[in-house]
Every structure is written in C-alpha cells, then in structure tokens.
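Analysis of the macromolecular model
Residue strings, one per chain:
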Amino acid sequence: MHKALKDATDRNLLALLEENARISTAELARKLGVARSTVNERIMRLERNDIILGYSAIVRISEGESSTKAMLHLVCERSLTRHLIDGLQNLPEVQSCNSVSGHYDLMCQVEVPCSEDLEELITEIAQLRGVKSVDSTIILATKFCRGAGIMPKKHVGLTLVS
C-alpha cells in the first residue's frame, strides 16, 4: 500500500473516483459512510501527495468512426531517454509512455485514426533522437479498462474509447 494512503477509506475513495470522477462529494460521503468534509480533506491530501494526478474526460468515438490502437516498444539510447520522453509527450497520439524492464526501454500506447496513420507515427517516432528501434503490436480489442489510466502530473487530457 502506498504510504500516502491512510486506510481502506482512501482505497475505496480512489476506486469510486476512478469509476466516476464527476461523482459529487455528497455521494462519495454517502457511499463511504463519512462526512463530506472528510471526503474533501482526503481528496485534497491525495492530490497534494500526488496520488490523484488529474481528472480526464473519456470521449466515445462517434458511431461509424474507428481508430487503431497499438503498443509501441522502443529501444533507446540511455543517455537520451529523458529527451526522448519529452518528444513523445508532445505527440498527441501517444496516450501513455511507460519505462519497462526487459529487451525494451519504453512502451507506449498510441491511438490513431487508421493503420496508415500508425505507419506514419511509427516512422516519426523512429526518427526521434535517441530511438534505436521501434516494434509495434496492434491492439485488436479492449476487453476491459479500469479508468483513464495515470496521467503526468498537472496534465488533464482526453482519452478516446470505442
């Protein structure tokens, strides 16, 4: 358990917010069996301690529209990793970027309108300073998703779901 989480109330509060970040503090208080002021204090503490990193809107793709999602696996020059992450963060198609163990250094989830755009994005990323190689895996279907994921500190973004 993260040291900034006090107890089961904190864990349950986070689970409720991940399910619906727009839930009112009154409803949270009712579901948790605590006072509204307690909910407000805990949310402020969790934000201050960087447990709650931000809030986002999850936007449904219009009927008839589709997108291509993929995981990109990058091998990087270690000395340029920070520079590379900054470059990836400037690409709106990159939904998340994770440092990973194993053969690859970074793993990014991306979303583009079509497979041709994915090819262009991979080419663009491969040309970023610090990238040694890029492998890709297309996501065929999302079976479930537990919220919008973790966003960089002080960043509020839109996540597309189909």
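Residues numbered from 1 in each chain as written. Predicted model: local features only at pLDDT ≥ 70, side-chain atom pairs only at ≥ 80, totals over all residues. Heavy atoms only, no water.

**Digging into helix α5 (residues 115-126)**
Applicable threshold: Secondary structure follows DSSP: runs of H or I at least 4 residues long count as helices, runs of E at least 2 residues long count as strands, and numbering of each begins at the N terminus. To estimate how far a helix should extend, the number of its residues minus one is multiplied by 1.5 Å. For each residue, the accessible area found with a 1.4 Å probe, counting protein chains only, is set against the maximum for its type, and the residue is called buried under 20%, exposed over 50%, and partly exposed in between. Picture the helix axis, draw a direction to every C-beta atom, and the arc is the one those directions span. In this analysis, two residues are considered to be in contact whenever any of their non-hydrogen atoms come within 4.5 Å of each other.
Taking 1.5 Å as the rise per residue, α5 with 12 residues should run 16 Å; its terminal C-alpha atoms sit 16 Å apart, in good agreement. For α5, the full list of buried residues reads L118, L121, I122 and I125. The arc that holds every buried residue of α5, seen down its axis, measures 100°, which confines them to one face. Those residues of α5 that are exposed and aimed more than 90 degrees away from the buried face are E119 and E120. Where α5 is buried, its residues meet β2 (68-76), α4 (81-89), β3 (94-99), β4 (106-112) and β5 (131-139).

**Details of the nonpolar core**
What counts here: The term nonpolar core refers to a set of buried residues drawn from Ala, Val, Leu, Ile, Met, Phe, Trp, Tyr and Cys, joined through side-chain atoms within 4.5 Å.
L72, L74, L88, V110 and I125 are the most contacted members of the largest nonpolar core, which totals 18 residues. Sorting the residues of this core by element identifies β2, α4, β4, α5 and β5 as the ones contributing at least two each. Setting aside chain neighbours within four positions, we find L72 in contact with L106, M107, C108, V110, L118, I122, I125, V134, D135 and S136. Counting residues in hydrophobic clusters, the runner-up holds 13 residues, among them L5, L13, L28 and A29.

**What about the side chain of E111?**
Which entries qualify depends on this criterion: Here Asp and Glu are counted as negative and Lys and Arg as positive; His is not counted, and neither are the chain ends. Just to be clear on terms, a salt bridge is a Lys or Arg side-chain nitrogen sitting within 4 Å of an Asp or Glu carboxyl oxygen.
On the secondary structure map, E111 appears in strand β4. No salt bridge forms around the buried E111; measuring N to O, its nearest opposite-charge neighbour K69 is 4.6 Å away.

**Some words on the environment of H83**
Structurally, H83 is set in helix α4. The class of H83 is partly exposed, set by a relative accessible area of 40%. Spatially, the C-alpha atoms of H83 and R129 are 7.9 Å apart, while their sequence positions differ by 46 residues.

**Points about the pairing of β4**
Within a regular strand, side chains alternate between the sheet's two faces. Here is the rule we go by: The pairing criterion is simple: DSSP has to find at least two bridges between the two strands.
Counting buried residues along β4, five of its seven residues qualify, which places the element largely inside the surrounding structure. The pairing of β2 with β4 spans seven bridges and is classified as antiparallel. Its bridge partner lying in β4, T68 is registered against V112. Taken together, the five bridges between β3 and β4 define a ladder with antiparallel strand orientation. Considered in β4, the bridge of N98 is made with M107. Linkage of β3 to β4, two consecutive antiparallel strands, is achieved through a turn of six residues, within which G102 is found at a positive phi near 100°.

**Some remarks on the state of the cysteines**
Working definition of a disulfide: a covalent bond connecting the sulfur atoms of two cysteines. Defined as follows: Note that a disulfide, as used here, is simply two cysteine sulfur atoms within 2.5 Å.
Throughout the structure, instances matching the rule amount to zero disulfides. In this structure C97 is not part of a disulfide, and its nearest cysteine sulfur, from C108, lies 3.6 Å away.

**A word on the confidence of the model for the protein**
Applied cut-off: Residue-level confidence of the predictor is what pLDDT reports, using numbers from 0 through 100.
With 82% of its residues at a pLDDT of at least 70, the protein reaches an overall mean of 84. When the criterion is pLDDT under 50, residues 150-162 qualifies, and its contacts beyond four places in sequence or with other chains add up to 41 contacts.

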